[in-house]
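Now for the letters of each chain:
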Amino acid sequence: MSLSTQEETPSVRATPVAIGRKPAKKINRGPIWLKPRFLISGTIVALMLLMAAFPQLFAGFGSNPAANCDIMRTNEAPSAEHIFGVDIQGCDYYTNVIYGARASILVGIVVTAISFVLSAILGSLAGFFGGWVDTIISRACDMAFGLPFILAAIVVLQLFSERTVWTVIFALALFSWPGGVRFMRSSVMEVRNREYVQASKLLGASNTRIIAKHIIPNSLTPLLVLQTLGIGGVISAEAGLTFIGIGLTPPSVSWGLQLAAAREYISAAPHLLVFPAIFLTITVLGFVLFGEAMRDEFDPKGK
Amino acid sequence: MLGYTVRRILQMVPVVIGATFIIYALTFLMPGDPVAALTGARPLPESTVQQIRLAYRLDDPFLVQYGHYIWGLVQGNFGIDFFGRPVLGLILERLPVTFALALTAWVLKMIIGLAIGVYGGLRNGQAGDHFALVFTVVFLGIPGFVIALGAQNIIGVQLGWVDPAGIRAGWPLAFILPALVMALEASAGLARLTRTSLVGVLRAEYLRTARAKGLSPSRVIWGHALRNAMIPVVTYLGLSLAGMLGGAVIIEAIFNIPGIGGLMVAAINNKEGTVVVGIATMLVLVYLVFNLLVDLLYGIIDPRVRI
Amino acid sequence: AGAEGAQDGEKKLSFQLTEPTSLVPHEDPGSQVAMASCANLMEVNVESQELEPLAAKSVTSDDATTWKIALQDGWTFQDGAPVTSDSFAKAWAKTATGSNAWQGNGNFASFAGYKELNPTDGSKPTTDELSGVKVIDENNFEVTLTAPNADFPKLLSTSSLCPLPEQAFSDPDAYEKNPVSNGPYQFVSWDHNQEVVLEKWDGFKGDDGFSGGADKLVGQIYTAVDAAYTDMTAQNLDMIRNVPATMVSKAKGQLGEESLYEVKTGSKQYTLQIPEYVKGLEDPDLRRAISMSIDRESIAASLLQGYATGSDSLVPPSLDSYKEGSCESCTFDASGAKDMLKKAGGFDGTLVIEHNSASDQQLVQAISKQIQDNLGIKVALKPMLGTELESRRNNQKLEGAVFGLWGWSYKSSDQYLSQYETGGDGNATTGYSNKDVDKLLKSARGEQDEATAAQQYAQAETLIMKDMPSIPLFIPTDFGLQSKCAVMNDAQGDLQFYRAGYGC
Amino acid sequence: MLLRVRDLEVEFNTSKGVATAVNGMDFDVNRGQALGILGESGSGKSVTARAIMGILDMPPAHIPRGQILLEGEDLLTITPKRHRQLVGSRVSMVFQDALTALNPVHPVGRQIGELYRVHRGYSRRDARAAAIKMMAKVQIPAAASRVNDYPHQFSGGMRQRIVIAMALALDPVLLIADEPTTALDVTVQAQILELLKEQQVERNMGLILITHDISVVKEVTDQVAVMYAGRVIEHGPTADVLARPGHPYSRGLAASIAGEELKGQKLPAIPGTPPDLLHLPQGCSFANRCSFATEKCLQEIPGLEQIDTARHSACFHTSEVMAHANA
Amino acid sequence: MLAPLMELRGVKQHYPVHRHLPIGPRNFVKALDGVDLSVAPAQTVGVIGESGCGKSTLARVMSGLEKPTEGKVLFRGEDINGLKGDERREMRRNIQLIFQDPYSSLNPRMTVQELVGEPFEIHPEVAPKPGRKAKIKELLEMVGLNPDHGDRYPHNFSGGQQQRIGIARGIALNPQMLICDEPVSALDVSVRAQVVNLLDDLQKELGLSYLFIAHDLQIVRHISDRVATMYLGRVAELGGYADVYDATGHPYTRALLSAAPELRKNDGSDRERIVLQGDPPSPINPPAGCRFHTRCPMAQAICTTKEPELIKISDTHVSRCHFALDVSAG
Ligand SMILES: Nc1ncnc2c1ncn2[C@@H]1O[C@H](COP(=O)(O)OP(=O)(O)OP(=O)(O)O)[C@@H](O)[C@H]1O
Ligand SMILES: Nc1ncnc2c1ncn2[C@@H]1O[C@H](COP(=O)(O)OP(=O)(O)OP(=O)(O)O)[C@@H](O)[C@H]1O
Ligand SMILES: [Mg+2]
Ligand SMILES: [Mg+2]
């Protein structure tokens, strides 16, 4: 065997290697916030959050959605004056739909936050300590898993006659944690056995320090990402519960309530269904996409 | 395997007791008087109320009531409702309907979700993948009842392809539409999971081996990738069937399907503790059994798992 | 189903039904199946719209306390067993026995001997017979009431007072599964949660006015009226009743004008009752102010789509005792209401309105909004489950006004006004007590002359109205929906499916 | 010439930019010859092997230029169908980690037999019989009874034997072994190397043995190519190259073996770390770790030049390096 | 011989095998099954053996991460598992462990500075807050890292550099005993030498003792004063490095050494290759008699029945083989 002749060997490159490359082939993915999916979903989420926090900014008829009503104009179709039409009570529907964002988003975010905190705490305890702590928490998870989410929420909601946003949050949060706990638990168990945790133990670090410095920071991000993905689902669940009449009750304003009320007017006043449905869908979509984008970015397992 | 099964069954006992306890406590705490529901607008005479309260131990302390309930349950007795009908009978009357619905939805979901997931996974990062994502997420985003109402009106009423409500047409005709709605809503998660799993498997070393053996792409995918990609999916699928049993409430209401969900809601509205707890117990049992079956199945499709 | 049925040459009608708890009328008296299958002693003849004897040859009394009942000769149950006095006496005794927990129980409260069957201390009754019912022979028996009640024949038309054949007592379980009665339709099958099938019984001896036109009736079971409506638009259902106003206008567009059946006799009324025991709302002027602040006409025209009228009396206009405008403060007058509020010394608490969360949300919201806007007082809604509302009513735990829809079981002023009689039916809710009213109502009830009775009822109403324990709101127009083949009929305001004619 | 690789370049699109994993790779293998490819982690050894087998994930990988000639056919330009005919039968590969290289859910017999079924159209039964024969050939005890076992039921050494059986099943002319013993214990490592060498001689195959273990190369191969940062920097007869390295990197590698004579002294180490493939330096990629480096090395990339009858080196200072070694 | 710094006496570590039901006999993985070993101050003891023979378990037990099921781990004559309070902290400071995989032994969310500073946060008495920055800097320089890179994260470093970070953490508290569980196995050949040299330097400078576990027999020979061979949870042979490598007294060690081509002289003439057949038996049910007899090329009848004692070959050299002296003699 002989190796190639001089001509065939790679020529000496006088130019820096990087320059000869065709830039077209370069897939520069850039920072995460520049990616289209992230950008779109982020904008939706930000807009909806703003709407939930300061509906006055968007609403057409001042700060009270129940002002400017005329019962005689009930269910009027959209017009220049009322761009989303008029609702059953004769109030401006646009204002109402804008105000509906608050309940939905509040429920979505608070329930997710509660379940996040619960999952983080219970999951860490179960994963870190194992033994009977783990057994108890795992069995509790089984219980909460075994009870169908919607049915359990219905039972809880029926404890309250007047159901405000907080009642709904309570009911949804009560059974929304087991998934997160399991996730956190396995992720903590994984981190717990990593060598850097043992290394820290060897240095004589206390359990508190190990949990706070090593376990939590390394297992929380995946959970956070998972939970972001869940916000959309919670918003949807609230609307569904309200729709079958066991979610929010008036005088709360929410998209679920609006949709529930609109059901009887599907053909007579379709705008009642269409507008909150669009808002709800876009919001859920926004949060789900946002969660997906986050997951793709931060969760190595999802890749 | 036997030891494993026995251990798992033993583990179920506290879960069932705990779950029924929670539900029992919740129904006990619910405001309102169960007897009131029985009587309608005109109140029953005090004496009759008294008789009923006595017959159903409504005045006993909570724990005593619960103890009686569990004791009955151990003997296979789910109790009777306020109209004297055995609760187990009521549940068994409805459970097959919900089961048919959930199973149909589950199968449809499996077809849709797996197809989209596999498609997306194979087109990882390309346009097709994004399309698959958008498709599933849109159905995830639109609340189920909106899809349900739309489908009912368009396919059921305007096109008249299937009955829009009720199950007179029997299985599968009467179940297809509601099941499809449920399936569309639920297929997003499955599609995502399948996609992720498949993408992971496609990167696995043994697929390189398969390709290095000169196998055709289709053989690589069908023969080597999919079975491995299905391993995590099976768990999810199994548990989601149990979940669908309880999650069909809204769909059942819209399509007038006399399933367990409707019974549960009615029972809750009437504060019929025995029925509510009976259903919850049943569903928890179904969930646990499915959970076990899935884990046993897991051991079959993944030879590495020893149980 | 209707259209298809016609092609087979079979006169079949389907109707909306909720899953019955039982097919035995005494256990589930509201069931349309029970009504179709049982021939009561008295029934409303839909042709004459009058209450006439059906299974009874005659029902008479001198003092309105002791009633003599003679049965038709030769009537039998659908299985051929004769209908005898015992068929009634035993059925009634069983229903009146509290420990059986049959829903029809309450209808026997006015019978002598009822107390013995329903001991309040929880002990077992010492007898199983209702002493107020005396069997004289096969075809004659006598009922004694604890107080005179001229409405007794009307009570006889309710399902709880149906007869039961011997089998119902000897083998109750079998009877539950396959009930046999004496009415125009007989039971064929019950596919749980799906449908109940009834068939016309050839042996029924009553007039056409007591029966219907269909050979076969199918009660299709729905959990919600929406689903039933959807099914109707898909031509799978012939009849729906208790149609909400919104659905009426929807149906008008989708199913056509001819699908609507308007019940001529208004038998229901929306009210806002203000229990006497609620603190802060005792002042009749305050109540009047509230009443005046509600623009009934606007709400009726808009929310209720015109399918209701404002109410100005404690009884609906279809009753003889009705006097137009007996409620003076039932007309909308925003400024008058304010003045009235001032007269009452203002109101600085919160007016709580409790209502059933399952229904009428929009209506209550509109009302509360008007009170709030027109009086400038705070109004809070308190929606809750039916069971909870019921127990709050019965246990006098209400915290404010209660919004409700009241209807009669048979056409009588007593059905509306006894709520205001001390210890009367429904009085737990209002807690209203007025000796003069009690006296008037008692005497009216015992009065067999209808005109006199009506007058006394009217007097009582005037007295009650002074204290405004209840704010009359609307008389809704009751609608049924019917397919091309169904020709609906009502009996004094009660829409009963089996009375429908077959029109194809 | 069995295999001739010319000017092969492989790039990866990564989130941070384009990484050049293989950068102008040239080498040849003849029948009956064992070529060792030596180089440190990340130098592009596996990528080269995968490029030959056509099992790179594209994307993110792509091959902007180069030729891979197997018995005269360019594997980069032939039809996929032809490629599949060659790969697995004419040229095959043994992977580093046998546990991950075997499909966990299929019995090993089936995985071996699949080759016969796909390439030779054997019936199920014949394929099984052939698989058992092959398993016996690589010294799996009681092969017939283990043919239905799953990969995880075998020990590491046996798994690697199975992978080898799979690679040898169709009598390839060229076998590429990518670090076949790195995951194994020393005792088992010896068994596997023995087996490979024996089979290579018996079948007169070409063998490419990829490793970063000099002693393995020494043991098994007759030619060696030393890679650094994506290119071959030295090439020649194994004993010769290791005894008298012509490139400072090979020299460093050869010296870093802790020979007995060094006991109590410092081990000769190569200072520094390999370059970032995303930002290869302008000149010689080894220059920043090289004690011979001059200004020229920082500016220009040295080509692979002939330094002896059968030896090539890519260094401007080869003669100095060799002189140093001799001293 | 000096008084040992650390000593293992009859150490056993048995892990229970998971069972589904609490019935029937319990099984144990006998990862360590009676190990005696001592390490003198400033001495390096190398440990070699096949995968699964219990080397890592030994490291964990010795470092105090795990409490042995039986036997004692003595540090300066005291059982480390009996220590409490300050004594325990003191022991913790003095015994450190370096892991095989440099990356996974560093918390990816901490900067190098934080990582190297963590020991001081736990033991502030070693480096009080004021001077800590300088101390960290000094440590980084000592292990050959650029102190200016202190704010970088582990993934910004190469494997060799990561292992240096690990070593910096290990020596931060001035320990007396450093246990290295395959510290160079994951590193490239060219980097291996760097790390080995570093460890060597540190020993000279700080007077550390090492327990050095590795697969690379050459490196073990290079760095060790004494070498132990382990087989199935037991020490098979123990002696000075030259004893073990050149006057091997156990057939297993012989097989190990012969399997490593790098130990042979270039002409390949000095050692005949012994290829061991089969795999090591399960540590749950080790074979009766001599544990190695199932694979031993020299096994005799006695080996299947009688477990050999540690046989003294020379003052510094013992072997657990009935024929140790014969083997050693060649
Ligand atoms: N899929 C990929 N995406 C991006 N870069 C890759 C990919 N596969 C390999 N590389 C890069 O290509 C370079 C060469 O990798 P390769 O696997 O050939 O190294 P190697 O020499 O085999 O190393 P080792 O001895 O560790 O196996 C590495 O720097 C690696 O980061
Ligand atoms: N926590 C544990 N529980 C159960 N068994 C264990 C545990 N840790 C180790 N083992 C078992 O103990 C035996 C020895 O393991 P150990 O990790 O000490 O081996 P090793 O010699 O370090 O191997 P390697 O060279 O592969 O690192 C193995 O069979 C292992 O499976
Ligand atoms: Mg490699
Ligand atoms: Mg180890």
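Residues numbered from 1 in each chain as written. Chains lettered and ligands numbered in written order. Predicted model: local features only at pLDDT ≥ 70, side-chain atom pairs only at ≥ 80, totals over all residues. Heavy atoms only, no water.

Draft legend 1. Expanded view of the overall build of chain B. Looking only at helices and strands, chain B features 13 helices and zero strands. Walking chain B from its N terminus toward its C terminus, one meets helices and strands in the order α-α-α-α-α-α-α-α-α-α-α-α-α. C-alpha atoms of chain B, sized along the principal axes, occupy 85 × 55 × 30 Å. Across chain B, the fraction of contacts at a sequence separation of at least 24, relative to all contacts at a separation of at least 6, is 76%. Total accessible area computed for chain B in this model is approximately 11,400 Å², and 71% of it derives from carbon and sulfur atoms. (Helix = DSSP H or I, 4+ residues; strand = E, 2+ residues; numbered from the N terminus. Contact = heavy atoms within 4.5 Å. Areas by Shrake-Rupley, 256 points an atom, 1.4 Å probe, with all protein chains shown as cover.)

Draft legend 2. The arrangement of the UniProt feature "domain: ABC transmembrane type-1" (unreviewed entry) in chain B in detail. Under the UniProt annotation, the feature "domain: ABC transmembrane type-1" (unreviewed entry) is placed at residues 95-298 of chain B. This span, residues 95-298 of chain B, is 83% helix and 0% strand, and a straight line between its end C-alpha atoms measures 26 Å. (UniProt positions renumbered as here; feature names shortened; annotations may be inferred.)

Draft legend 3. Structural detail: the sheet that holds strand β4 (residues 70-75) of chain E. All names here are of chain E. Pairing is antiparallel across the open sheet formed by four strands, whose spatial order is β2-β1-β4-β5. Edge positions in the sheet fall to β2 (28-39) and β5 (78-79), since each of these pairs with one other strand and no more. Relative to β4, strand β1 (residues 6-16) is paired through five bridges, and the arrangement is antiparallel. Note on β4: the bridge partner recorded for R9 is K72. In the packing of helix α1 (residues 55-63) onto the sheet, contacts are made with β1, β2 and β4, and the angle to β1 comes to roughly 115°. (Pairing = 2+ DSSP bridges. Axes fitted to C-alpha atoms, helices over the stretch in contact; angles between N-to-C directions.)

Draft legend 4. Local environment of the environment of E10 of chain C. Residues and elements named next belong to chain C. Tracing the sequence through the fold places E10 in the loop between α1 (2-7) and β1 (12-17). Residue E10 is classed as partly exposed on the basis of its relative accessible area, which comes to 30%. Residues E10 and D215, 205 residues apart in the sequence, show an inter-C-alpha distance of 7.0 Å. (Buried < 20%, exposed > 50% of the residue type's maximum accessible area, 1.4 Å probe, protein only.)

Draft legend 5. Structural view of the confidence of the model for chain C. Residue and element names in this part refer to chain C. Overall, the predicted model of chain C reaches an average pLDDT of 88, with 98% of residues at or above 70. Within the model, the stretch residues 1-6 combines pLDDT values under 50 with 15 contacts to residues more than four positions away or in other chains. Interface predicted TM-score (ipTM) for the complex: 0.78; the corresponding pTM is 0.81. (pLDDT = per-residue confidence, 0-100.)

Draft legend 6. Just the packing of aromatic side chains, in detail. Per the stated rule, a full pass over the model turns up 35 aromatic pairs over all chains. Ring centres of F111 of chain C and F152 of chain C lie 5.8 Å apart, and the angle between their planes is 55°; on these two criteria the pair is classed as tilted. Here F111 of chain C is found in the loop between α3 (85-96) and α4 (114-117), whereas its partner F152 of chain C is found in helix α5 (residues 152-155), with 41 residues between them in sequence. Here F111 of chain C and F152 of chain C have matching classes, each one buried. When the ring of Y249 of chain D is compared with that of F286 of chain D, the centres are 5.4 Å apart and the planes differ by 70°; the resulting orientation is edge-to-face. One end of the pair, Y249 of chain D, is in helix α11 (residues 248-255); the other, F286 of chain D, is in the loop between α11 and α12 (295-299), with 37 residues separating them in the sequence. Looking at F286 of chain D, the relative accessible area reads 3%, which means it is buried. (Phe/Tyr/Trp six-rings, centres within 6.5 Å; stacked < 30°, edge-to-face > 60°.)

Draft legend 7. Spotlight on the interface of chain A and chain C. Residue-level contacts link 18 residues of chain A with 21 residues of chain C. Our enumeration of links across chain A and chain C arrives at two residue pairs in polar contact (both at pLDDT 80 or more). Among the residues forming the side of chain A that touches chain C, the class breakdown is nine nonpolar, six polar and three charged. (Polar contact = N/O pair within 3.5 Å; in protein donor to acceptor, adjacent residues only side chain to side chain. Nonpolar A, V, L, I, M, F, W, Y, C, P; charged D, E, K, R; others polar.)

Draft legend 8. Region of the structure containing the interface of chain B and chain A. The partner chain A presents 37 residues to the 42 residues of chain B that form the contact. Together, the buried faces of chain B and chain A total about 3,500 Å²; carbon and sulfur atoms form 77% of this surface. Here chain B and chain A share zero salt bridges between them. At the junction of chain B with chain A, the criterion picks out zero residue pairs in polar contact (both at pLDDT 80 or more). Considering every element that reaches the side of chain B that touches chain A, the biggest residue donor is helix α1 (residues 2-29) of chain B, with 10 residues. Here the residues of the side of chain B that touches chain A sort into 30 nonpolar, nine polar and three charged. (Buried area = accessible area lost by both parts, 1.4 Å probe. Salt bridge = Lys/Arg side-chain N within 4 Å of Asp/Glu carboxyl O.)

Draft legend 9. Structural context of a negative patch on the surface. Taken together, the side chains of D86, D128, E129, D137 and E138 of chain C define an acidic patch exposed on the protein surface. Relative to the helices and strands, E138 of chain C is located in the loop between β6 (133-137) and β7 (140-144). (Patch = residues over 30% accessible without salt bridge, like charges linked within 9 Å, V, L, I, M, F, W, Y side chains within 5 Å. Lys, Arg positive; Asp, Glu negative; His and termini not counted. Charge placed at Lys NZ, Arg CZ, Asp CG, Glu CD.)

Draft legend 10. Highlighting helix α3 (residues 131-146) of chain A. For α3 of chain A, built from 16 residues, the straight-helix expectation of 22 Å at 1.5 Å per residue is met to within 8% by its first-to-last C-alpha distance of 22 Å. Taken as a whole, α3 of chain A has its buried residues at V133, D134, I137, S138, R139, C141, D142, M143, A144 and G146 of chain A. At its buried positions, α3 of chain A is contacted by α2 (93-129) and α6 (178-192) of chain A together with α1 and α13 (273-301) of chain B. (Expected span 1.5 Å × (residues − 1).)

Draft legend 11. Molecular detail of the site of ligand 1. Residues and elements named next belong to chain D. In the vicinity of ligand 1, 15 residues are found, and the nearest of them are S41, G42, S46, V47 and L277. The contact in question runs from an oxygen atom of ligand 1 to an N or O atom on the backbone of S43, over 3.3 Å. For ligand 1, the protein covers 70% of the area, taking 630 Å² as the surface of the free molecule. Looking at which element gives the most residues to the shell around ligand 1, the answer is helix α1 (residues 45-53), with three residues. Broken down by class, the residue content of the shell around ligand 1 amounts to five nonpolar, seven polar and three charged. (Near = heavy atom within 4 Å.)

Draft legend 12. Focus on the site of ligand 2. Residue and element names in this part refer to chain E. With respect to spatial proximity, 15 residues lie near ligand 2, and among them S51, G52, K55, S56 and T57 are the closest. At 2.5 Å, a side-chain N or O of S51 approaches an oxygen atom of ligand 2. One of the side-chain N or O atoms of R60 is found 3.2 Å from a nitrogen atom in ligand 2. Of all the elements in the fold, those that place two or more residues in the shell around ligand 2 are β2 and α1. Top element by residues in the shell around ligand 2 is α1. It accounts for four residues.

Draft legend 13. Here's a closer look at a nonpolar patch on the surface. All names here are of chain A. Residues V117, I121, L125 and F129 make up a contiguous nonpolar surface patch of roughly 340 Å² in combined accessible area. If you trace the backbone, V117 turns up in helix α2. Its relative accessible area of 44% is what places V117 among the partly exposed residues.

Draft legend 14. The environment of E309 of chain E, seen in detail. Residues and elements named next belong to chain E. Position of E309 among the secondary structure elements: in the loop between α10 (301-305) and β11 (311-314). Taking the C-alpha atoms as reference points, E309 and V327, separated by 18 residues in sequence, lie 15 Å from one another. When near neighbours in sequence (up to four residues on either side) are disregarded, E309 contacts S319, R320 and C321.

Draft legend 15. Inspection of the sheet that holds β6 of chain C at higher detail. Residue and element names in this part refer to chain C. The four strands lie next to each other as β4-β5-β7-β6, forming an open sheet whose pairing is antiparallel. Each edge of the open sheet is held by one strand with a lone partner, namely β4 (56-61) and β6. Taking each pair of neighbouring strands and ignoring which way they run, the sheet shows an average axis angle of 20°. Along the sheet, α3 contacts β5 (66-71), β6 and β7; its crossing angle with β6, the most-contacted strand, is approximately 165°.

Draft legend 16. Region of the structure containing the UniProt feature "transmembrane region" (unreviewed entry) in chain B. Residues and elements named next belong to chain B. Feature annotation in UniProt places "transmembrane region" (unreviewed entry) on residues 12-30, 97-119, 131-151, 171-193, 233-255 and 275-301, given in this structure's numbering. Strand forms 0% of residues 12-30 and helix 95%; the C-alpha atoms that close the span are 27 Å apart. Along residues 131-151, the helical share is 90% and the strand share 0%, with 22 Å between the first and last C-alpha atoms.

Draft legend 17. Geometry of the state of the cysteines. The full count for this structure, using the stated rule, is three disulfides over all chains. Disulfide pairing is shown between C38 of chain C and C162 of chain C; the S-S distance is 1.8 Å. Residues C38 of chain C and C162 of chain C share a disulfide whose torsion about the S-S bond is about -105°; that sign makes it left-handed. Of this pair, C38 of chain C sits in the loop between α2 (32-37) and β2 (42-45) while C162 of chain C sits in the loop between α5 and α6 (167-170); the two residues are 124 residues apart in sequence, bridging distant segments of the chain. Note on C162 of chain C: relative accessible area 0%, which makes it buried. With a sulfur-sulfur separation of 2.0 Å, C327 of chain C is cross-linked through a disulfide to C330 of chain C. Measuring handedness by torsion sign, the sulfur bridge of C327 of chain C and C330 of chain C sits at about 85° and is right-handed. The class for C330 of chain C is buried, based on a relative accessible area of 6%. Each bonded cysteine of chain C is numbered by sequence order, and under that numbering the disulfide pairs are 1-2, 3-4, 5-6. Unpaired in terms of disulfides, C315 of chain D finds its nearest cysteine sulfur in C290 of chain D, a separation of 5.9 Å. (Disulfide = S-S within 2.5 Å.)

Draft legend 18. View of the arrangement of the chains. Ranked by contact count, the leading pair among the eight pairs of chains in contact consists of chains A and B. Here chain C and chain E are not in contact; the least distance found between their C-alpha atoms is 45 Å.

Draft legend 19. Representation of the nonpolar core. Membership of the largest hydrophobic core comes to 237 residues, with the highest contact counts inside it found for I371 and F474 of chain C. Apart from the residues lying within four places of it in its own chain, the contact partners of I371 of chain C are L272, I290, S293, I294, L351, I353, G376, I377 and V379 of chain C. Formed by 74 residues, the second largest nonpolar core is a distinct cluster that contains V188 of chain A together with L115, I167 and V227 of chain E. (Core = buried A, V, L, I, M, F, W, Y, C linked by side-chain atoms within 4.5 Å.)

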